[in-house]
Amino acid sequence: MKIRRNDEVQVIAGKKDKEGKFQRGKVHRVLVAEDRVVVSGVHMIKRHTKPGRVRTQAGIIEREAPIHVSNVMLVCPKCSRATRVGFRFLADGAKVRVCKRCGEMIDKQ
Ligand SMILES: [Zn+2]
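Residues numbered from 1 in each chain as written. Predicted model: local features only at pLDDT ≥ 70, side-chain atom pairs only at ≥ 80, totals over all residues. Heavy atoms only, no water.

**What to know about the sheet that holds strand β8 (residues 82-83)**
Here is step 1 of the chain: On the basis of which strands lie adjacent, the open sheet formed by six strands has the order β6-β3-β2-β1-β7-β8 and antiparallel pairing. Edge positions in the sheet fall to β6 (67-68) and β8, since each of these pairs with one other strand and no more.
Here is step 2 of the chain: By the bridge criterion, three bridges tie strand β1 (residues 8-11) to strand β7 (residues 72-75) in an arrangement that is antiparallel. Opposite Val11, over in β7, you have Val72 as the bridge partner. (Pairing = 2+ DSSP bridges. Helix = DSSP H or I, 4+ residues; strand = E, 2+ residues; numbered from the N terminus.)

**A short note on the pattern of salt bridges**
Here is step 1 of the chain: All chains considered together, the criterion is met by five salt bridges.
Here is step 2 of the chain: Here Arg4 and Asp107 are joined by a salt bridge, their closest N and O atoms 3.4 Å apart. Linking Arg4 in the segment before β1 with Asp107 in the segment after β10 (95-99), this pair joins segments that are 103 residues apart in sequence.
Here is step 3 of the chain: With a closest N to O distance of 3.8 Å, Glu19 and Lys21 form a salt bridge. Here Glu19 and Lys21 have matching classes, each one exposed. (Salt bridge = Lys/Arg side-chain N within 4 Å of Asp/Glu carboxyl O. Buried < 20%, exposed > 50% of the residue type's maximum accessible area, 1.4 Å probe, protein only.)

**Side note on the coordination of the zinc ion**
The reference angle at a metal is 109.5 degrees if four donors form a tetrahedron and 90 or 180 degrees if six donors form an octahedron.
Here is step 1 of the chain: The protein atoms that coordinate the zinc ion are Cys76 (SG), Cys79 (SG), Cys99 (SG) and Cys102 (SG), at distances of 2.2 to 2.3 Å.
Here is step 2 of the chain: Considered as a linear motif, the donors of the zinc ion on their single chain read C-x2-C-x19-C-x2-C. (Donors = N, O, S within 2.8 Å, 3.2 Å for Na, K, Ca; no water.)

**Quick notes on the nonpolar core**
Here is step 1 of the chain: In this structure, Ile3, Val9, Val27, Val37, Val39, Ile67 and Val72 are the most contacted members of the largest nonpolar core, which totals 16 residues.
Here is step 2 of the chain: Sorting the residues of this core by element identifies β1, β3 (36-39) and β7 as the ones contributing at least two each.
Here is step 3 of the chain: Of the residues that make up this core, three or more belong to each of domain 1 (1-50 + 59-75) and domain 2 (80-109).
Here is step 4 of the chain: Setting aside residues no more than four positions away along its own chain, Ile67 makes contact with Val11, Asp35, Arg36, Val37, Val39, Val42, His43 and Val72. (Core = buried A, V, L, I, M, F, W, Y, C linked by side-chain atoms within 4.5 Å. Domains from an automatic or database assignment. Contact = heavy atoms within 4.5 Å.)

Note that every value here comes from positions in space, so none of it alone points to a role or purpose.
If you want it as structure tokens, here you go:
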């Protein structure tokens with residue numbers, strides 16, 4: 001998986017925000033088995049819930065729904081542009097992600 005938790009990503013499909021731009025947000029969950037990510041503030045869905053035994057609060061709850069990884073691009077923390085991700089092996093054998101635009105390593109040592 002090229003996207004990890006706490007990455008900043010740029011959404012590249014679907015609805016745009018009020019300024020006509022695709023949204024950016026932080027990944028707060030990665031669903032590896034489904035190739036999906038949950039991005040904070042992106043793809044909000046409304047759920048109508050009734051009070052029950054587990055959930056006491058009724059009403060309409062807004063929450064994020066998972067989106068497919070192919071619909072997001074990683075935002076490079078170094079050049080802050082949406083980029084494709086490459087991999088590089090370090091001398092000690094560690095595999096790190098690199099930005100395809102600026103060539104910088106994305107993962108901290
Ligand atoms: Zn970069």
